[in-house]
Amino acid sequence: MVTPVIAIDNLHVKLGRREILKGISCRLGASGEGKAIGLLGPNGAGKSTLIQTLLGFHKPSSGSAQILGLDCHKQSAQVKARIGYMPENDSFISDMTAVAFLRLMGEISGMPPAAALEKAHEVLFHVGLGEARYRTVGTYSLGMKQMAKLAQAIIHGPQLVILDEPTNGLDPAARQRMLILIREMKEQHGMNVLLCSHLLRDVEEVCDEVVILKDGLIVHQSDLEAERSSDRRFVQLEVAGDDSKLAEAFQSIGAEAASESPGVWRVVLPREIEIGVLWRLAARENLRVTKLAYRRDTLEELFLKAVGHLRATPVTKQEAPVHGGI
Amino acid sequence: MAVFRRGYQRYTGPLVSPWQRLLVIPRFVWPRLLSQRFVVVLLVVSLFWPLACSVFVYFANHLELLQNNGAGPLAKVLAINGAFFSVFMNVQSTFAMILAAVAGPGLIAPDLANNALPLYFARPLSRGTYILARMIVLLGILSLVTLIPGLFVFGMQASMAGWDWFVAHWTYGTGIALGFLLWMITVSLVAMTSSAYVKWRVVAGALVMAFFFVLTGVGQIVNQVLRVQWGSLLSPGYLMLTIWGRLLGVETPWEGGPDATECMLALFVLIGVLLGVLLRKLRPVEVVS
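Being a predicted model, the structure only gives us computed values, none of them experimental.

Visitor: Can you lay out the overall build of chain B for me, pointing to particular residues and giving the numbers?
Guide: When helices and strands are counted, chain B shows 16 helices and zero strands. In terms of principal-axis extent, the alpha carbons of chain B reach across some 75 × 60 × 35 Å. Expressed as a percentage of its 289 residues, the buried residues of chain B come to 38%. Long-range pairs, those at least 24 residues apart, make up 75% of the contacts in chain B with a sequence separation of at least 6.

This is the structure:
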């Protein structure tokens, strides 16, 4: 059995008297190396607290969190030796050159001095700061600082890299470069990535799994990779007329469906059902089809649904907590 | 192959021991400290007194030189004893305090200003280890003006006076080492705490000096107003001089008051309080309750 990258069991975290995480449980990255996990949620959902708990900054009031099979609180030093962390805010030593800064971070992670120096140069070229590596980090632009933060997170070759809003403040080209680097980290170097971002498109582009937090609870968890590789057909159907019996009709043909709003349906067709069946179904129910299109839930829709900004749809097999449909 | 050609590869080599990691921060900070002109000037100036004491020790062990040159009466006052080392330690500890006030404020404040603590603490480095590493930076610098010259002067005297003198007075050596170590730990903690709470270097440096003088003044006020003597326990200078007096077998200039054991206890309380205050400030993330 593969050890999950992150295993959380009934985790409660209190900051002062406020309970921020209210008993969350999940297993993430259970399918092997080189997985990217997206962590989403509205402001105040507990994303940062979860990341900080994984980093050992907060002590769980009950429950446990494990990274790569090691307890984040009790085996904090061993966990930290295996992870890299890119914080959201500016974090650096401003009067150090990028090379010296990275070398320091590498050595604190346990690398021998010579290896840390060599890797500092290597990783700075990798993130595109090769020409600026002898400049002090304090003189860098916002985009360069983001890259320097990424560089310090991966200099020691961690098994899990925790990225908190890595594309914040980046222009489109730099954002794309950052996403390519993140994808390379997991695909070419076998690192696992926990990506916390408000930009759902970033998560959708890079991640294999996604977890949505709201008010300290997990409200949605999806395996995006499995969804992408499935051959189910997602259809959006809009009809005019009384569609109150349509849900039963969909069930009768083995399709799963959810109503988004009156007359608007999201349908998942089994492989053996042809699209024409939907036309016949609508005709049988005396409904006029105004729109029929193949489409999947975008992550944004899923996010809004999970946090309650879209009308709640009946729970279908796809949208149950573990395998939501995208 | 050149690094810019071969691309990034994950590091999979050996890791160093936690003890070697402890010295990483000092290795990076010492060169930066010693590149500050004022620190270097202070270091040089603070070595004049040990040099003078070394000359004193030399003549004390070569009285014939003084007598041959008509300085016979001077020879009578040249005695190397506990009082001599006590005076030596008083002077050097003052330099150590000034050096800590100059070098200390730049140790932690920049990490707090640049929000660098999450980067340190997301690595296998605890808050305690971070404080220890920063303290080693200061202990190393302060040793140059306290421990090393002190043991050098003691060693010089022991080598010139011979084995019998050493056997009779080895406690001076341990007294110098232990006394200076306690002082260095105290001033280092004061300097680091000041650095953690005040981001302006000059103000933080002034606060280090003020800490010692103000507490001494407060102790005196307590003694006068309440007509007691335990108020002296608030004075780091009093604590240290009393402890040094016991270590070197020298009478303290004041009569009555808390003894060396009480002073040692008070010093440990002071160190504990400073550590607690420092640990409270050094958190990877601010928690608003």
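From this point on, the discussion continues.
Visitor: Give me the lowdown on the interface of chain B and chain A, citing residues and values where you can.
Guide: The interface is formed by 30 residues belonging to chain B together with 38 residues belonging to chain A. The set of elements that each furnish at least two residues to the side of chain B that touches chain A consists of helix H1 (3–6), helix H3 (24–34) and helix H10 (117–121) of chain B. A total of four residues in the side of chain B that touches chain A trace back to one element, the largest contributor, which is H10(B). For the side of chain B that touches chain A, the residue count by class is 21 nonpolar, six polar and three charged.

Visitor: Quick one: what's the story with the domain arrangement of chain A, residue by residue and with numbers?
Guide: Under the domain assignment, chain A is made up of domain 1 (6–227) and domain 2 (230–295). Relative to domain 2 of chain A, the C-alpha centre of domain 1 of chain A lies at a distance of 41 Å.

Visitor: An account of the sheet that holds strand E1 (residues 6–15) of chain A is requested, with residue identities and associated values reported.
Guide: By way of backbone hydrogen bonds, the strands of a sheet pair with one another, either parallel or antiparallel. Residue and element names in this part refer to chain A. Spatially, the four strands line up as an open sheet ordered E2-E1-E4-E5, and their pairing is antiparallel. Lying at the two open borders of the sheet, with one neighbouring strand each, are strand E2 (18–28) and strand E5 (70–71). Relative to E2, E1 runs antiparallel, the two sharing eight bridges. Bridged to Leu-11 within E2 is Ile-24. Along the sheet, helix H1 (residues 47–54) makes contact with E1, E2 and strand E4 (62–67), crossing E1 at roughly 110 degrees.

Visitor: Residues and numbers for the sheet that holds strand E11 (residues 233–240) of chain A, please.
Guide: Residues and elements named next belong to chain A. Taken together, the four strands give an open sheet; going across it, the order is E12-E13-E11-E14, and neighbouring strands pair in antiparallel fashion. Two strands close off the open sheet at either side, each with one partner strand: strand E12 (256–261) and strand E14 (288–294). On average, each strand axis in the sheet is inclined to that of its neighbour by 25 degrees, with strand direction left out of account. As judged from the six bridges shared by E11 and strand E13 (residues 264–269), these two strands associate in the antiparallel manner. Paired with Gln-236 across the two strands is Arg-266, which belongs to E13.

Visitor: Explain the pairing of E11(A) to me, and be specific about the residues and the numbers.
Guide: Each regular strand displays side chains that alternate between the two surfaces of the sheet. Note that E11(A) and E14(A) share six bridges and pair antiparallel. Note on E14(A): the bridge partner recorded for A:Gln236 is A:Ala293.

Visitor: Before we move on, could you go through the environment of A:His73 and cite the residues and values that matter?
Guide: Residue and element names in this part refer to chain A. You can see His-73 is positioned in the loop between E5 and helix H2 (76–81). A tally of 16 C-beta atoms within 10 Å means that His-73 is categorised as partly exposed. Through-space distance from the C-alpha of His-73 to that of Leu-129 is 35 Å; in sequence the pair is 56 residues apart. Apart from the residues lying within four places of it in its own chain, the contact partners of His-73 are Gly-56, Lys-59 and Pro-60.

What counts, and where the lines are drawn
- Residues numbered from 1 in each chain as written.
- Chains lettered and ligands numbered in written order.
- Predicted model: local features only at pLDDT ≥ 70, side-chain atom pairs only at ≥ 80, totals over all residues.
- Helix = DSSP H or I, 4+ residues; strand = E, 2+ residues; numbered from the N terminus.
- Buried ≥ 20, exposed ≤ 12 C-beta atoms within 10 Å, placed from the backbone.
- Contact = placed C-beta atoms within 7 Å.
- Nonpolar A, V, L, I, M, F, W, Y, C, P; charged D, E, K, R; others polar.
- Domains from an automatic or database assignment.
- Pairing = 2+ DSSP bridges.
- Axes fitted to C-alpha atoms, helices over the stretch in contact; angles between N-to-C directions.

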